[in-house]
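Structural description and commentary
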Amino acid sequence: MYQKIALALAFSPRIEALISETKRLVILFDSELILIHVGKKTTELEGKLEQVVKDADLPKDKTKIIWKEGKPGKMILDACREENVDLLVAGAMKNESFLTYYLGSVGRKIIRKAPCSVLTLIEPKIETTGFSQVVFNGTQTPITPFVIEQGMGFSKKVQADQIFILNEIKMYGLQMGTAAEDSEQEVAHTRRQLVQDEIKYVEGILEKLDKGDLKISIKVTGGRWAIELARFCEKIGADLLVVGDEHKLNFFDRIFPHDLEDLLSTLPCNLLIVKK
Amino acid sequence: METLNHKEVINLLLQLAAMLIMARVFSELARKFKLPAVIGEIIAGIILGPTILGTLFPGAQDYLFGSHEMANVALDGFVQISVVLLLFIAGLEVELQVVWNQGKNALKIAAASMALPIITGFVLAYAFPEFLGVNINDRAVASTFFGLAISITALAVVARILMDLDIFKTQTGLLIIAAAMIVDILGWIVFSVILSLSESGAEGIGVWPTIGLTLLFTLFMLTLGKGLINRVLPWINKNLAWPGGLLSLSLAICFLAASFTEFIGIHAIFGAFIIGVALGDSEYLTEKAKEILHQFINNIFAPIFFVSIGLKVNFVEAFDPGVTGVVVILGLLAKYFGAYIGGRYAGISRKESMIVGFGLSTRGSMDIILGLIALETGLVSESLFIGLVILALISSIGSGPLINWAQKLKI
């Protein structure tokens, strides 16, 4: 599924934990590991990084270290493109006063422009994170079948216990508002139909996929998908949220934040952004 | 404070009861024929007003709507509140998420579907102001208004048509909805500017300050205003009675915004519309709350407003077949081809562009509100207003079958 996994490295206190988490994924997916560091290559830093690699016991033949100088976001993206990376792993930032996690401006830029999927870990651990409860965004968008397929592949590899697929009924308020011209029975029927349509949509996608031993539950909601996903993840204590990204975000998305941008500002759990 | 006397109170209550009962009867009839409720409500107004009741039973019509001036003033207050609330709900219907997701294509379609009717409407009205009945003393503004009036799409009506045809959630359906939302936003911004220009004349604040204030207010409400709403709403949801607290405070901020825009020289309805957009876009306004607001306003205040139209205009006396014919033909063709060209420019297929064209040609709510305000401001004549109402009726009846027909085309 992922031939090449990259990790963007900074010499922070979490470097060992991030390497450990990535190593686990590299082993699970039988991938090559690309370590990307943006900064001046000095003998001291080179020695430090080699020591970290040695301590983590990374397979030498499958590990490549790339040094780049320049703007961190741009350099990381360049390295991903040059190496045809399939999955980029990054750490989130922590707001110590509110105990919440978010993505900084470099992280956001990477996610907006990354040519590959991106896994953001909020609290990387040396003993590695278990992905027991995984939530997928099942809202009807062109990329959703691919998101569910990729999410299932990932969940099987990490041996998730439970999968939740959360669907948003688009413009529920508007649809029910216009349906309010009907009789009580018709309104109830419309309401049921809206829920059924969402369930059918996900079932249609799942039919074509190998589900393995995964336990899957479909949930339907009536709000904005990003917000509802974040709330649902917090409520069930999810370990991983899988969403798709089909278009590059731009300046206006920062002024009028929406969907993905809503999630990036307050990460409810680890986040896998699937790109085609 | 001056109050209504005993007889005036009775008269006002009878007026409201007659309007709501007739609106209900005729919207139910409209429903039987799969037509939007607004059509039934307008017909109810025509029956209650000078057109039918006033002609057949002038005494009864005069007793109900002409015998007590103070009761009529109070009724006008209800109508004003209704129109503000209708715009508020129209704002709530706009989902910026949907607009962003559809992106440039929706913008291209919306812009083209507005540009062609505005340009053709302007040229025609400017060339023949007396024939069409636009105010010759305010020729440029009134002509622009006419173009704008035939460029509006009725979001709620088109949403219902798309739901009935089961294409609401398709790519084409969402594109139509997103484009209709953009048309709503652009339409009300342009209309507010036009209206302020018309009203300003000698004593107004001028063109550029009006445009600047309109844009500034819009930007402020959709950024900082929305941020403020996002901080206050969670507190309201958590600490106040639900949905009572949310409903009363939502309406309160709607009236505050409306009075603010009226104060700075933009029409009150614009404030109500923009606060609706900002509030509707907040993640803390639940879909259930939106549904309640919809039901509350659409079933009580919307009928009062749409019935009141028939009370103000005599649809037989002021009817001019020539003006109506021109308005209907120009309105349908310019809007359809504008949206069609926009669709082709956005790179969507001929068939889809046709569906988008027919979808966006649906009128039936906002355009009538816009027309009535222009009539009351003296920008257009009663004949032209009737033409706009008939355009709304024809387009809301015809859009569904035309979309259905276009869907079956093998092109």
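Going by the structure above, here's the rest.
**Section: the overall build of chain B**
- The secondary structure content of chain B amounts to 18 helices and zero strands.
- Taken over the C-alpha trace, chain B has a radius of gyration of 21 Å; the compact-globule value for 411 residues is 22 Å, and the two agree within 12%.
- Projected onto its principal axes, the C-alpha coordinates of chain B cover approximately 65 × 60 × 50 Å.
- Looking at chain B as a whole, 56% of its 411 residues are labelled buried.
- For chain B, the share of sequence-separated contacts (at least 6 apart) that also reach a separation of at least 24 residues comes to 79%.

**Considering helix α17 (residues 366–377) of chain B**
- Counted at 1.5 Å a residue, the expected span for α17(B) with its twelve residues is 16 Å, and the 17 Å between its end C-alpha atoms agrees.
- The complete set of buried residues in α17(B) reads B:Met366, B:Asp367, B:Ile368, B:Ile369, B:Leu370, B:Gly371, B:Leu372, B:Ala374 and B:Leu375.

**A closer look at unusual backbone geometry**
- Residue A:Asp30 is not a glycine yet carries a positive backbone phi of 50°.
- Residue placement: A:Asp30 occurs in the loop between α1 (15–29) and β2 (32–38).
- On the basis of neighbour counts, which here come to 11 C-beta atoms within 10 Å, the residue A:Asp30 falls in the exposed class.
- The backbone of B:Lys34 shows a phi angle near 60°, a positive value even though the residue is not glycine.

**A closer look at the pairing of strand β12 (residues 270–274) of chain A**
Residues and elements named next belong to chain A.
- For β12, a buried count of five out of five residues is recorded, marking the element as mostly surrounded by other parts of the structure.
- Alternating positions in β12 separate into two faces, Asn 270, Leu 272 and Val 274 on one and Leu 271 and Ile 273 on the other, with burial throughout.
- As paired strands, strand β7 (residues 117–121) and β12 are joined by three bridges and run antiparallel to one another. What sits directly across from Val 118, in β12, is Ile 273.
- Two strands pair when backbone bridges link them, and strand β11 (residues 240–244) and β12 are joined in this way by five bridges, in the parallel orientation. Following the sheet pairing, Leu 241 is matched in β12 by Leu 271.

**So, the nonpolar core**
All names here are of chain B.
- Leu 86, Ala 179 and Ala 272 are the most contacted members of the largest nonpolar core, which totals 157 residues.
- The leading source of residues in this core is helix α10 (residues 171–200), at 17 residues.
- Beyond its immediate sequence surroundings of up to four residues, Leu 86 is in contact with Ile 297, Phe 301, Ala 302, Phe 305 and Ile 369.

**Things to note about the packing of helix α6 (residues 172–179) of chain A against helix α7 (residues 184–207) of chain A**
All names here are of chain A.
- Contact geometry for α6 and α7: axes closest at 9 Å, N-to-C directions at 155°. Taken together, the axes of α6 and α7 lie roughly antiparallel to each other. Both α6 and α7 take part in a crossing whose hand is right-handed. Taken together, the residues of α7 that come into contact with α6 (itself represented by Tyr 172, Gln 175, Met 176 and Ala 179) are Val 187, Thr 190, Arg 191 and Leu 194.
- Residues belonging to the contact of α6 with α7 are distributed by class as follows: five nonpolar, two polar and one charged.

**Observations regarding the sheet that holds β12(A)**
All names here are of chain A.
- Spatial strand order, β3-β2-β1-β4-β7-β12-β11-β8-β9-β10: ten strands in an open sheet with mixed pairing. In this open sheet, the two edge strands, each paired with only one partner strand, are β3 (63–68) and β10 (215–221). Each strand axis lies, on average, 20° off the axis of its neighbour in the sheet, ignoring direction.
- One ladder, built from six bridges, connects β2 with β3; its direction is parallel. Within the sheet, the bridge partner assigned to Leu 33 lies in β3 and is Thr 63.
- Across the sheet, α1 touches β1 (4–9), β2, β4 (87–91) and β7, and the angle it forms with β1 is around 175°.

**Thoughts on the interface of chain A and chain B**
- Listed per partner, the contact involves 20 residues of chain A and 24 residues of chain B.
- Per-element tally for the side of chain A that touches chain B: the top contributor is α6(A), with seven residues.
- The residue inventory of the side of chain A that touches chain B, partitioned by class, reads eight nonpolar, eight polar and four charged.

**Considerations on the packing of helix α12 (residues 244–263) of chain B against helix α13 (residues 268–280) of chain B**
Residues and elements named next belong to chain B.
- Here α12 crosses α13 at 135°, and the two axes come no closer than 7 Å. Regarding the angle of α12 to α13, the classification is oblique. You can see that α12 and α13 cross each other, and the crossing is right-handed. Facing Ser 250, Ile 253, Cys 254, Ala 257, Ala 258, Ser 259, Phe 260, Thr 261 and Glu 262 of α12, the residues of α13 in contact are Ala 268, Ile 269, Phe 270, Gly 271, Ala 272, Ile 274, Ile 275, Gly 276 and Leu 279.
- Taken together, the residues of the contact of α12 with α13 break down into twelve nonpolar, five polar and one charged.

The rules behind the values
Residues numbered from 1 in each chain as written. Chains lettered and ligands numbered in written order. Predicted model: local features only at pLDDT ≥ 70, side-chain atom pairs only at ≥ 80, totals over all residues. Helix = DSSP H or I, 4+ residues; strand = E, 2+ residues; numbered from the N terminus. Rg over C-alpha atoms; globule rule 2.2 N^0.38 Å. Buried ≥ 20, exposed ≤ 12 C-beta atoms within 10 Å, placed from the backbone. Contact = placed C-beta atoms within 7 Å. Expected span 1.5 Å × (residues − 1). Pairing = 2+ DSSP bridges. Core = buried A, V, L, I, M, F, W, Y, C linked by C-beta atoms within 7 Å. Axes fitted to C-alpha atoms, helices over the stretch in contact; angles between N-to-C directions. Parallel < 35°, antiparallel > 145°, perpendicular 65-115°, else oblique. Left-handed = near helix turned anticlockwise from the far one by under 90°. Nonpolar A, V, L, I, M, F, W, Y, C, P; charged D, E, K, R; others polar.

All quantities given are derived from atomic positions and should not be read as evidence of function.
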